[in-house]
Amino acid sequence: MTRNDIFYKILFAISIALLPIVIFAYLYLPDWSVSLIIAGILLCKIWIELFRDKTSLQHLIIDALASILIFTTLLIFFAVIEEINLAFAIVTIVLIVVFNIYQIVFFKKSMPEFVDAVDYCYTLFECLTLLAFTFLLFYPLITNIGLVAIILTAGVSFCYKVYYTFRYTKANNIFYIFRRKR
């Protein structure tokens, strides 16, 4: 285990440990304290991206878990306090989960540059949406724009990867067999 690997796992633990503190801060502290804690999660996310080994499946799984846990917790929490529409939050959570699952499934597959660019845009929009979450209690419009960006990039990536699954894998052979019998 390298030093970056240990630091990566510590940052993951810190970012997940800050999530319950967000809820505590909303209940018992002023609004600006919630923003500071979410900014701490954002800093951990940025450092995680810097120390992540792009060739490690373990780091990809940890990054996917962090993304799913952070956004699920924050979106459900802000939907409960009625800062974000609940249906909008659920659609975003589903697309984040599906996007991360497909990231893990297609880990060793070479994708076109377009899909890689969309995946990097998704990571950027995650960070920008976390930045927008810091201002959510003051300006909710910025967060909604960030969530729409996440939905669009995750949706485009998901649709292309589903297309790739049916077009270039053995699943295509099954459909070809059924088409031939007709």
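The following refers to the structure shown. (Residues numbered from 1 in each chain as written. Predicted model: local features only at pLDDT ≥ 70, side-chain atom pairs only at ≥ 80, totals over all residues. Heavy atoms only, no water.)

Structural notes on the state of the cysteines
Move 1: Tallied over the full model, the rule gives 0 disulfides.
Move 2: C44 takes part in no disulfide bond, and the closest cysteine sulfur, belonging to C127, lies 11 Å away. (Disulfide = S-S within 2.5 Å.)

With respect to the environment of I104
Move 1: Secondary-structure assignment places I104 in helix α4 (residues 86-105).
Move 2: Residues I104 and V22, spaced 82 residues apart in sequence, show a C-alpha to C-alpha distance of 29 Å.
Move 3: Those residues in contact with I104 that sit more than four places away from it in its chain are L57, L60, I61 and A64. (Helix = DSSP H or I, 4+ residues; strand = E, 2+ residues; numbered from the N terminus. Contact = heavy atoms within 4.5 Å.)

Details of the environment of L36
Move 1: Looking at the secondary structure, you find L36 in helix α2 (residues 31-51).
Move 2: Relative accessible area serves as the criterion here: at 55%, L36 is assigned to the exposed category.
Move 3: In the structure, L36 is positioned 99 residues away from F135 in sequence and 9.7 Å away in space, judged by C-alpha atoms. (Buried < 20%, exposed > 50% of the residue type's maximum accessible area, 1.4 Å probe, protein only.)

Quick look at the nonpolar core
Move 1: If you look at the biggest cluster of nonpolar residues, it comprises 34 residues, and the most contacted ones within it are L74, F78, I84 and F133.
Move 2: Those elements that provide at least two residues to this core are α1 (3-28), α2, α3 (57-80), α4, α5 (113-134) and α6 (140-168).
Move 3: Non-local contacts of I84, meaning those with residues more than four positions away in its chain, are made with L75, F78, A79, A89, F133, L136, T143 and L147.
Move 4: Counting 7 residues, the second-largest nonpolar core is a separate cluster that includes Y8, I48, I62 and A66. (Core = buried A, V, L, I, M, F, W, Y, C linked by side-chain atoms within 4.5 Å.)

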